[in-house]
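Each chain, written out:
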Protein chains: 2
Amino acid sequence: MKIYFTFEPRPDLREPLVEEFPNIDFVFHRKLKEDELSGVDVLVTYGEDLNEKRIELAKNLKWIFVVSAGVEKMPHQAIHDRGILVSNVRGIHKKPMAESILAHILAIKRVLPFIYENQQKGEWNKDTRPTELNGSTALILGPGAIGEEIGRLLQAFEVYTIGCNRSGDDVPYMNETYQIKDIMSVLPRAEIVISILPSTPETKHLLTYEHFKQMRRDTIFLNFGRGDLVSTDVLIKTLEEQLILHAVLDVFEEEPLPSSSKLWELDNITISPHFSSHSSRYLERSFEIFKPSLRKWLNGDENLENKMDILRGY
Amino acid sequence: MKIYFTFEPRPDLREPLVEEFPNIDFVFHRKLKEDELSGVDVLVTYGEDLNEKRIELAKNLKWIFVVSAGVEKMPHQAIHDRGILVSNVRGIHKKPMAESILAHILAIKRVLPFIYENQQKGEWNKDTRPTELNGSTALILGPGAIGEEIGRLLQAFEVYTIGCNRSGDDVPYMNETYQIKDIMSVLPRAEIVISILPSTPETKHLLTYEHFKQMRRDTIFLNFGRGDLVSTDVLIKTLEEQLILHAVLDVFEEEPLPSSSKLWELDNITISPHFSSHSSRYLERSFEIFKPSLRKWLNGDENLENKMDILRGY
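Residues numbered from 1 in each chain as written. Chains lettered and ligands numbered in written order. Predicted model: local features only at pLDDT ≥ 70, side-chain atom pairs only at ≥ 80, totals over all residues. Heavy atoms only, no water.

- As recorded by an unreviewed UniProt entry, chain A carries the name 3-phosphoglycerate dehydrogenase and is attributed to Ureibacillus massiliensis 4400831 = CIP 108448 = CCUG 49529.
- Here is the UniProt Sequence similarities (unreviewed entry) comment for chain A, exactly as written: "Belongs to the D-isomer specific 2-hydroxyacid dehydrogenase family." (UniProt positions renumbered as here; feature names shortened; annotations may be inferred.)

**Quick word on the UniProt feature "domain: D-isomer specific 2-hydroxyacid dehydrogenase NAD-binding" (unreviewed entry) in chain A**
Next up, step 1: Under the UniProt annotation, the feature "domain: D-isomer specific 2-hydroxyacid dehydrogenase NAD-binding" (unreviewed entry) is placed at residues 102-275 of chain A.
Next up, step 2: End C-alpha atoms of residues 102-275 of chain A are separated by 15 Å, and the span's content is 28% helix alongside 17% strand. (Helix = DSSP H or I, 4+ residues; strand = E, 2+ residues; numbered from the N terminus.)

**Examining the pattern of salt bridges**
Next up, step 1: A complete count under the given rule lists 42 salt bridges over all chains for this structure.
Next up, step 2: In this structure, A:E34 and A:K53 form a salt bridge, with 2.7 Å as the shortest nitrogen-oxygen distance. Residue A:E34 is found in the loop between β2 (25-28) and β3 (42-45), and its partner A:K53 is found in helix α2 (residues 52-57); the two are separated by 19 residues along the sequence.
Next up, step 3: The partly exposed category is assigned to A:E34, whose relative accessible area is 26%.
Next up, step 4: For A:K53, a relative accessible area of 49% translates into the label partly exposed.
Next up, step 5: The partner of B:E34 in a salt bridge is B:R54, and the shortest N-O contact between them spans 2.8 Å. In this pair, B:E34 sits in the loop between β2 (25-28) and β3 (42-45) while B:R54 sits in helix α2 (residues 52-57), placing the two residues 20 residues apart along the sequence. (Salt bridge = Lys/Arg side-chain N within 4 Å of Asp/Glu carboxyl O. Buried < 20%, exposed > 50% of the residue type's maximum accessible area, 1.4 Å probe, protein only.)

**Observations regarding the packing of aromatic side chains**
Next up, step 1: The final tally for this structure, using the stated rule, is 30 aromatic pairs over all chains.
Next up, step 2: Ring geometry for A:F114 and B:F275: centres 6.4 Å apart, planes at 40°, overall tilted. With A:F114 in helix α5 (residues 112-120) and B:F275 in the loop between β12 (269-271) and α10 (282-298), this residue pair bridges two chains.
Next up, step 3: With a centroid separation of 5.5 Å and an interplanar angle of 70°, the aromatic rings of A:F252 and B:W124 are classed as edge-to-face. A residue pair is termed interchain when its members come from two chains, as with A:F252 in the loop between β11 (246-249) and β12 (269-271) and B:W124 in the loop between α5 (112-120) and β6 (137-141).
Next up, step 4: The partly exposed category is assigned to B:W124, whose relative accessible area is 21%.
Next up, step 5: Three or more aromatic residues joined by ring pairs form one cluster here, namely A:F5, A:F7, A:F26, A:F28, A:Y46, A:W63, A:F65, A:F287, A:F290 and A:W297.
Next up, step 6: Of note, B:R14 hangs over the ring of B:F28, and the distance from its end group to the ring centre comes to 5.6 Å.
Next up, step 7: Just above the ring of B:Y209 sits the side chain of B:K237; from NZ or CZ to the centre is 4.6 Å. (Phe/Tyr/Trp six-rings, centres within 6.5 Å; stacked < 30°, edge-to-face > 60°. Lys NZ or Arg CZ within 6 Å of the ring centre and 35° of its normal.)

**Some details on the packing of helix α4 (residues 94-109) of chain A against α5(B)**
Next up, step 1: For the pair α4(A) and α5(B), interaxial distance at closest approach is 11 Å and the crossing angle is 70°. The orientation of α4(A) with respect to α5(B), classified from their angle, is roughly perpendicular. Where α4(A) approaches α5(B), its residues A:A103, A:H104 and A:A107 are matched on the opposing element by B:L112, B:I115 and B:Y116.
Next up, step 2: Of the residues that constitute the contact of α4(A) with α5(B), the class distribution is five nonpolar, one polar and no charged. (Axes fitted to C-alpha atoms, helices over the stretch in contact; angles between N-to-C directions. Parallel < 35°, antiparallel > 145°, perpendicular 65-115°, else oblique. Contact = heavy atoms within 4.5 Å. Nonpolar A, V, L, I, M, F, W, Y, C, P; charged D, E, K, R; others polar.)

Here it is as C-alpha cells:
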C-alpha cells in the first residue's frame, strides 16, 4: 500500500502519521514526480498537479485526497471514468475567513487604521469618532457554510443578519432570507454588505452601479467571494463618488491586482491579496480530516468525509 | 424645576427631551457658569466641572446625573453631606470597549497591519502566515461588566476564557475563575492576556517583569484598564526582549504618552490614545439612561438606574 504526498508537510504533522500506519509506504515529495505514480494507491495533493496523462500513469490509484476546496484544475472526466474516489477539505476555510471578515469590519468601526497611522507619526491623536458594530444590519450574499459562520459571529455582536441566496430558503444564523433576485429592495436596509458568492454565470457582474447607488452612504462592502461579482470600473466609480463608506476586497477581477490599477490610489478601500482563508493551521486541519478518512478507507468504508462528485465539482 | 446641562448635546438628542418635559426649564451651556447654579434642581455633567464651592452655590441641587463612569474629580464629601442623589452611566463603555478589544485581537491574528502596510506600498504581498483566534485561551483580569462582555464575545469565537478577580468567585462567560493572587500559575496557559482592572492600591504595578517572563512567547497582552498596572520600564524591557508577541495599550502611566517615550519606537506594540470606549453613540446611550431616570425622579422615585454611593465611588 503506497500513499504519495505531492507536497512536503511539516515533520510534526508527517511523523505521527507515518507512526500510526507502519504498514503503509508513505512517500513525500516537494513536487509530483511522474515516475513515482505507477505504484500509488492514494494520492494527497493540492489538486493543481494532475492531468489525464498522470491519472493514466497512476494505474493503481483508488483515492485522491485534495488538500483544497476547489477541484477546477483536475481532469474530471478521466478521474470519473476510472471510478477513483475523491474527497477534499471543504469547510476548512470557514473559521479563518469569518475571522478575517469580522476583523476588517471591527477595524473600520473602531478606527484601527487611524490608530496605526497616528502611531507611525508618533502622534497622540483622539480626533476621530469611532462607531460601533452592535445594532447594525448586515446583508450576506451567498450564505453557505462560510456565510453561516459569519452570521453566527455577527449575531453574537448583536447584528441583524439578512441572507440572500438562490432559493430564498431559511438559513441558520440569518434573521431573514431573500432570493438573490430581490437584492435591490434589501440593500437600503444594510450598512454592511458581504459577498462570499462563488463565480458562476449567474453571479458574474451581478452587482452593478445601480446596486451601489441603492446602498446607504455609510455602507461597508466586503467581497470575499470571487472578483467577477463586480466589474472593476463599477467599483472605481462607486468609490470615487463615495456612494459607500468603504470597500474591503479580498478578490479582484484580475489577480494579482495590477500595479497600474486605479484601486491602489483610492483611500476608501482595503486591498487584501486574496489570502483571507490563509492560516497557520491549514495543514493541521487537513490532517485532522485525512487521518480518520484513511482509517475508514483501510477498513473498506468508502463513505468518507467530504467525498465528492468530481463531475459536479462539489 | 430647572435642569442644567453643563455641555451642549446635539439637537437630535436635546429637542425630543425638551418636548417630552414641557414644564421643565432646561438650560444647556457649553461650559458651567457659576451664576446659573443657584436655581438648579438637577445637574447633568461629565463630572469634571464640580468643586465644593459650586456645590454650595447650587443650593437647590437634589440630583447630579454624571455622563461618565468615573467620579474621581467630584467633591465627594460635600455632595454626600448635602444628601444629593448621584447616578451615572456605568456600563455605557461595555460594548464599544469590548468591540475595540476584539478588533485589536482579530487584527493581529488576521494580519491587518501587514495588509495595510503593503497596500500603502502598492504591493500585492501574501508572504506572511495569519493565525486564528478560535481555539485559543484568554485570561481576563478584572472581569466586571466589561470583562463579561469581552468573555461573551471571545466564547462566541470558541476561545476558552479564564477570569481573575479578587474573590475568585465564578463570573458569567468565564470557563474558570481564579483569585488575582494566583495569577502567576495561570499565565502560562493563555496566549491572550487582557486587563481591564481599575486603578487601586492593590492593582498598582501588579504585573511585574516576572509575570511577563511567565507568559507564553506568542502572547498578546492588552491593557485597557489603567496605565499604572505595569511600570513603563517593565513594558519596555518586556517588549525589547520579545518576551511576548505584542502589546496593545489603551492606557499609560503618563497620558498623553510623552513623545519622548521609548514605547513609540517599538514595533511589537499598538498605541491607542486612551479612547477605546469612545463612540459616536455615547451621548445617545446616556440619554437612554437619563430619560427614564428623570421620569422616575419626577414621580418621587429615587431608586434610579446606576444610583451610586459617592463616598465609595461606585
